[in-house]
Every structure is written in C-alpha cells, then in structure tokens.
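# An overview of the molecular structure
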Amino acid sequence: MISYGNHRFPGQLFVVEGTDGSGKSTQLALLHQWLKAEGYPVFFSEWNSSPLVKDTTRRAKKRHLFTPATFSLLHATDFADRTERDIIPPLKAGAIVLADRYIYTAFARDVARGCDRAWVREVYKFAIKPTVAFFFRAPLDIAIDRIISGRPALKYYEAGLDMEWSDEAEESFTIFQGKILTEYDRMVEEFGLTVVDASRSIEEQQHEMRDIISKHLKKRRSRNH
Amino acid sequence: MFYGTPLPGIEREEYSGKLIVLEGADGVGRSTHTALLRTWLEARGHAVLDTGMTRSVLAGRGIKEAKTGHTLGRLTMQLFYATDFVDRLENEMLPALRAGFIVLTDRYVYSAIARAEVRGLDPSWIRSLYGIALVPDAVFYLRVDSAQELVQRVLASGRRFDYWESGMDLHLGGDFYDSFIEYQSQMLKVFDRMSDEYGFQVLDASRSINRVAAVLRRAVARVIDKKPKVGGISHSSTETQTTSDLAVKPALAARADS
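Residues numbered from 1 in each chain as written. Chains lettered and ligands numbered in written order. Predicted model: local features only at pLDDT ≥ 70, side-chain atom pairs only at ≥ 80, totals over all residues.

## Here we look at the overall build of chain B
The criterion, for reference: Only DSSP runs of H or I reaching four residues or more are called helices, and only runs of E reaching two or more are called strands; each is numbered from the N terminus. Working definition of burial: number of other C-beta atoms within 10 Å of the residue's own, with buried at 20 or more, exposed at 12 or fewer, and partly exposed in between, all C-beta atoms being placed from the backbone. The contact rule is simple: place each C-beta atom from the backbone, and if two of them lie within 7 Å, those residues are in contact.
A tally of regular secondary structure across chain B gives nine helices and six strands. Within chain B, the fraction of its 258 residues that count as buried is 43%. Sequence separation of 24 or more characterises 78% of the internal contacts of chain B that already satisfy a separation of 6 or more.

## A look at the overall build of chain A
For clarity, the threshold we go by: The globule rule used here is 2.2 Å times the number of residues to the 0.38 power, and the radius of gyration it is set against is calculated over C-alpha atoms.
Of regular secondary structure, chain A possesses eight helices and five strands. Taking 17 Å as the expected radius of gyration for a compact globule of 225 residues, we find that chain A reaches 17 Å, a close match to that expectation. When contacts within chain A are restricted to residue pairs at least 6 apart in sequence, those whose partners lie at least 24 apart make up 80%.

## Considering the interface of chain A and chain B
Note the following rule: In this count, Pro and Cys sit with the nonpolar residues alongside Ala, Val, Leu, Ile, Met, Phe, Trp and Tyr, while Asp, Glu, Lys and Arg are called charged and the others, Gly among them, polar.
The interface of chain A with chain B comprises 29 residues on the first partner and 28 residues on the second. Among the elements of the structure, α2 (54-62), α3 (68-92) and α5 (117-123) of chain A are those that each provide at least two residues to the side of chain A that touches chain B. Sort the elements by how many residues they give to the side of chain A that touches chain B and α3(A) lands first, with 12 residues. Taken together, the residues of the side of chain A that touches chain B sort by class into 15 nonpolar, seven polar and seven charged.

## Digging into α3(A)
Residue and element names in this part refer to chain A. Note the cut-off: Here the expected span of a helix is defined as 1.5 Å times the quantity of residues minus one. For a residue, the bend is simply the angle between two axes, fitted respectively to the seven-residue segment ending there and the seven-residue segment starting there.
Compared with the 36 Å implied by 1.5 Å per residue over 25 residues, the 34 Å span of α3 between its first and last C-alpha is a close match. Of all the bends in α3, the greatest, near 45°, is centred on Thr 83. Counting buried residues in α3 gives 20 out of 25 residues, a clear majority hidden from the surface. Phi turns positive, to about 90°, at Gly 94, one or two residues after α3.

## Focus: the sheet that holds strand β5 (residues 194-197) of chain A
All names here are of chain A. Convention followed: DSSP bridges decide pairing: two strands pair if at least two such bridges lie between them. A fitted line through C-alpha atoms serves as each axis, taken over the contacting stretch for helices, and the angle formed by two N-to-C directions is quoted from 0 to 180°.
If you trace the five strands from one edge of the open sheet to the other, you get β2-β3-β1-β4-β5, paired in parallel fashion. Two strands bound the open sheet, and with one partner strand each, they are β2 (42-46) and β5. Between one strand and the next, the sheet's axes are offset by a mean angle of 20°, whatever the strand orientation. Pairing analysis gives five bridges linking strand β1 (residues 12-18) to strand β4 (residues 132-137), with the strands arranged parallel. Note on β4: the bridge partner recorded for Phe 14 is Val 132. Docked against the sheet, helix α1 (residues 24-37) engages β1, β2, β3 (96-100) and β4, running at close to 165° with respect to β3.

## Side note on the pairing of strand β1 (residues 18-24) of chain B
All names here are of chain B. Of all the seven residues making up β1, seven are buried; the element is thus mostly covered by neighbouring parts of the structure. Alignment of β1 against strand β3 (residues 102-106), held across five bridges, turns out to be parallel. Within the sheet, the bridge partner assigned to Leu 22 lies in β3 and is Asp 106. Sheet topology places β1 next to strand β4 (residues 138-143); five bridges connect them, and they run parallel. Considered in β4, the bridge of Leu 22 is made with Phe 140.

## Points about unusual backbone geometry
Residue and element names in this part refer to chain A. A positive phi angle is found at Asn 48, which is not glycine, with a value near 60°. Note that Asn 48 resides in the loop between β2 and α2. We note that His 64 has phi near 55°; this positive angle belongs to a residue other than glycine. Tracing the chain through its elements places His 64 in the loop between α2 and α3. Looking at His 64, the number of C-beta atoms within 10 Å reads 10, which means it is exposed.

## Some remarks on the environment of B:Ala82
Note on placement: B:Ala82 falls in helix α3 (residues 74-98). For the pair formed by B:Ala82 and B:Val109, sequence separation is 27 residues and the distance between their alpha carbons is 8.4 Å. Not counting chain neighbours up to four residues away, the residues in contact with B:Ala82 comprise A:Leu73 and B:Leu129.

## Considerations on the nonpolar core
Applicable threshold: Under the definition applied here, buried Ala, Val, Leu, Ile, Met, Phe, Trp, Tyr and Cys residues are grouped into a nonpolar core through C-beta atoms within 7 Å.
Membership of the largest hydrophobic core comes to 128 residues, with the highest contact counts inside it found for A:Tyr104, B:Val103, B:Ile113, B:Tyr130 and B:Phe140. Counting residues per element, this core draws most heavily on α3(B), which supplies 12 residues. With residues up to four places along the chain from it excluded, the contact list for A:Tyr104 reads A:Glu17, A:Ala133, A:Tyr184, A:Met187, A:Phe191 and A:Leu193.

## As for the environment of B:Glu165
Along the chain, B:Glu165 falls in the loop between α6 (147-157) and α7 (176-198). Expressed as a C-alpha distance, the spacing of B:Glu165 and B:Ser179, which sit 14 residues apart in the sequence, is 9.3 Å.

## Considering the packing of α6(B) against α7(B)
Residue and element names in this part refer to chain B. Heads up, the rule is: Orientation categories follow fixed angle ranges, with anything under 35 degrees roughly parallel, anything over 145 roughly antiparallel, 65 to 115 roughly perpendicular, and all other angles oblique. Left-handed describes a crossing whose near helix is turned anticlockwise from the far helix through less than a right angle; right-handed describes the clockwise counterpart.
Contact geometry for α6 and α7: axes closest at 8 Å, N-to-C directions at 120°. The orientation of α6 with respect to α7, classified from their angle, is oblique. In terms of crossing hand, the pair formed by α6 and α7 is right-handed. Of the residues in α7, those in contact with Ala 147, Leu 150 and Val 151 of α6 are Phe 180, Ile 181, Gln 184, Ser 185 and Leu 188. Across the contact of α6 with α7, the residue classes tally to six nonpolar, two polar and no charged.

## As for the packing of helix α4 (residues 103-112) of chain A against helix α7 (residues 169-191) of chain A
Residues and elements named next belong to chain A. The interhelical angle for the contact between α4 and α7, taken along N-to-C directions, is 130°, at an axis separation of 8 Å. For the element pair α4 / α7, the angle class is oblique. The two elements α4 and α7 meet at a crossing, and its hand is right-handed. Contacts between α4 and α7 involve Tyr 104, Phe 107, Ala 108, Arg 109, Val 111 and Ala 112 on the former and, on the latter, Phe 176, Lys 179, Ile 180, Glu 183, Tyr 184, Met 187 and Phe 191. Tallied by class, the residues present in the contact of α4 with α7 amount to 10 nonpolar, no polar and three charged.

## Looking at the confidence of the model for chain B
Residue and element names in this part refer to chain B. Stated precisely, the cut-off is as follows: Confidence of the predictor in every single residue is expressed as pLDDT, which spans 0 to 100.
The pLDDT averaged across chain B works out to 88; a share of 88% of its residues lies at or above 70. Confidence drops under a pLDDT of 50 for residues 231-244, and excluding neighbours within four residues, the segment shows 20 contacts in the predicted structure. Complex prediction metrics read pTM 0.89 and ipTM 0.90.

## Focus: the environment of B:Ser157
Residues and elements named next belong to chain B. Note that Ser 157 resides in helix α6. Here Ser 157 falls in the exposed class, since 9 other C-beta atoms lie within 10 Å of it. Placed 130 residues apart in sequence, Ser 157 and Gly 27 show a C-alpha to C-alpha distance of 8.7 Å.

Right, dumping it as structure tokens:
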C-alpha cells in the first residue's frame, strides 16, 4: 500500500493549510492562476469535495449526527476518495496538484475534538506526502475577526458547538480555533510545514510562495529532460 | 476492552450485556442464523439488539448509493464502512451493552479487514483503524470449505451474482462466475487465517440450517450464562467450550497496548 512519504510520482503536490480566515484559499487561487499562465498542467482539489460522500456529510451536519470519531472517519472517507480519484492519477500523469486543506486539517480538528493523536495519523497513513505544505499562520484574533465579520452565522460543527465548550457560538468558535492553532503549531516540526506569516500583505505572501514553488519547478524541469 | 485505541470519550468499563458476532462469507447463512438466534434469545427472556454492516443512520444510505455507482475505490470503501461501524458502535452497540442487551451482529470488523486484505491494503493499517472496536464476547465463524459451495447458495437463493460479492472491482476474472470464485476463495483464506488471530469459534456451515442453529444456540447459551469475570478481560478459553461440533481456535489475547 502507498503510505505517507513513499510516492515517486512525476507530479508535484502543493497544499495550503491554516485556521479559518487565514487567507490560504485566496493565496492558492492566485497561485493557480500563475501556474496556468506559466503553462503547467494544474489540478485543483479541495477539502470535503468527494461526490460520493457529499450527501452523507451534508445530512449528518444538518441533523447533528456526528460524534468526534464519525466526524473524523467520514472526512477521512472523503479524503480517500479524493486521493484515489483526484490526487494520485494527476500526480502520476505529471500534473501539479493544488490542495486547499489536506490531512493536517483533519489532524488539527479531530485532535481538538478529542480524537487520539496517533490514531488519526494512522487513519490517514495512505495520504501522499506533499511536495510543500504551506501553513498560513495568522494571529487568532485576526482570523476570528475575518470569519465572524465575513459570514452570516457560524455553523454548528464549524463553531465546535458539538463539543459543548460553550453555548455561545462565537465563544465556542474562539475556543475551538485556539485548540486548532495549538495543533497546527505542534505539526510544523513534526511534518515540516512551511510557515507563511499570514498577517503580512497578500502580495508579500504570494511572492514568498512563488519563490518557494519556483525552486521545485526547476527541479521538475531538470528531471523531465 | 478494545483492540487498540478506544474512541474519544468512551470509558473502559465492564458491560452487563454481551456482544456476539456472526462472521462468514457472503451467502453462508449469517442473516438466517442471526434471525433464528434473536427469536430464540427473546423467547428465553433476553433483550436483543441486532445490527450489521451498512445499517447505520449516518452512513448506511451513502454506502449503498456509492456502491451502485461502482466507482468506489478500495480506500474510500474501507473508510466509509469504518464510519458506518463506528456510528453503530457509539449509538447502538455500546448503549445496548450498557443496558444489558445481547447484541447480535451480522459481521463485525473481521469482514472489513478481510476485504481490505484481499484488496491489497496494508494489514496493519486496517487493524489500527479498527483498534477502536470493542472485543466481542464471542465470534462465531460460519465456515464453508470452498467458494463453489457459496456459488451453490447464490444459485439456490435465486439472486444474481452481486458486483461486490464477486469482487468485480478487482478484475480477477473474465466474468462474474470466475471472479466470484477467485474473490471468495481469497476471502476464505483470509478468514481462516484470522480465525487463529482473533479466536473465532468455527462452525461447519455446510450442514443443515437446523443443525447449525442448534450448535449455535448451545454455544451462545454458554457465553450468556457465563458469570462475568472479576476485574478483567473475559475471553473464551479452550477448555470450557470445545465440543465435537464446535472447533475453538486458541484465542489470542486482545492487544491492550494503550
């Protein structure tokens, strides 16, 4: 079985991670435009997007059916489908795969919800190791501000209300995001995440990303010729 | 008592109920015997919960829909089934066991593990995944010798060969029959191996329904009437359960590594 870190596919996998409101999706969209303009075959894949699992997730969220364990496993199911359909085949075909959120999101959220740290990592052992995993680190208050001001209302699981830390959505969300950020910080060293300071300007962050990715693209050219 | 890491928020505790598993290949008679056992147990005055794969509120429907499309990859399938299993464990099996029910389950994690192994997934990965499973009080393995015998049962039932029961996703043979034989033969091999690993009580399922049912009733009665052990893991021991009808494989102690 393919397990974490073992692949030798010709493609490259770049992922963005970070708390809600860290600006990672904006950065990935800019990167996507740039790579396409440069003529690379690019394939984009985002968290929670498997057509096989979508209906089950939606129903479970609406009816509050999840426990921390089933929340974790259904998201792993979704990720497995994406790995089998959207990530491995394009990588084998030599494409650049861009992923908005990856296994680190599961590690952060599921452990924040009380799942065993080692068990969650074992569940995702089939994942492909990214070429670079960018972690957009934003101070907690900035990220929370962006989310709370930018959306109509916090959703039940998004706010972590299932954990009953607080009855109040904003307070619960703040507690949840704090735990998530703690988990991300632990993972920087464990998985060699590339930290991007998300409090800087959008342009500065994008520039830094492109610098890092350019180096990997050069390797790609020299390998393919 | 769990095989590995217990679920978040689940205490290790003694349950007053009993968890009884019927395992075996497709078409071997598991659901028939589960139904017979249920009727018999209720007549004896026990409260019974019966459960089985894809019956969860959370994931049952989703799995069935995903399977009709035949686009379900092997990893995705495993994790979808694990989701289904955990939903039933947390919301049905554990509450029933706490309340003193006899929980009868038509298949348990062993079928999932066998399917994963036959599909070339890492055996240690699938076992860690199911480390969250409760160790049952007894596992009865309804065994037949060959895939040919299973074919006869499929024919007798009047059903068509099922895509997944024939392992068509593995491309093992040119048609449903060839694929079924090859796939089920591999499954039987894995089950036989697991029999030692997990201490299955093996029943010869090629005999008549009445005969198998009688053996099962006796064996289940022994599990239920057994006094709960003090301070520990209750595990079937070879001395007390061997009869000429029931081959008991030595039970490996469950891994209590966490």
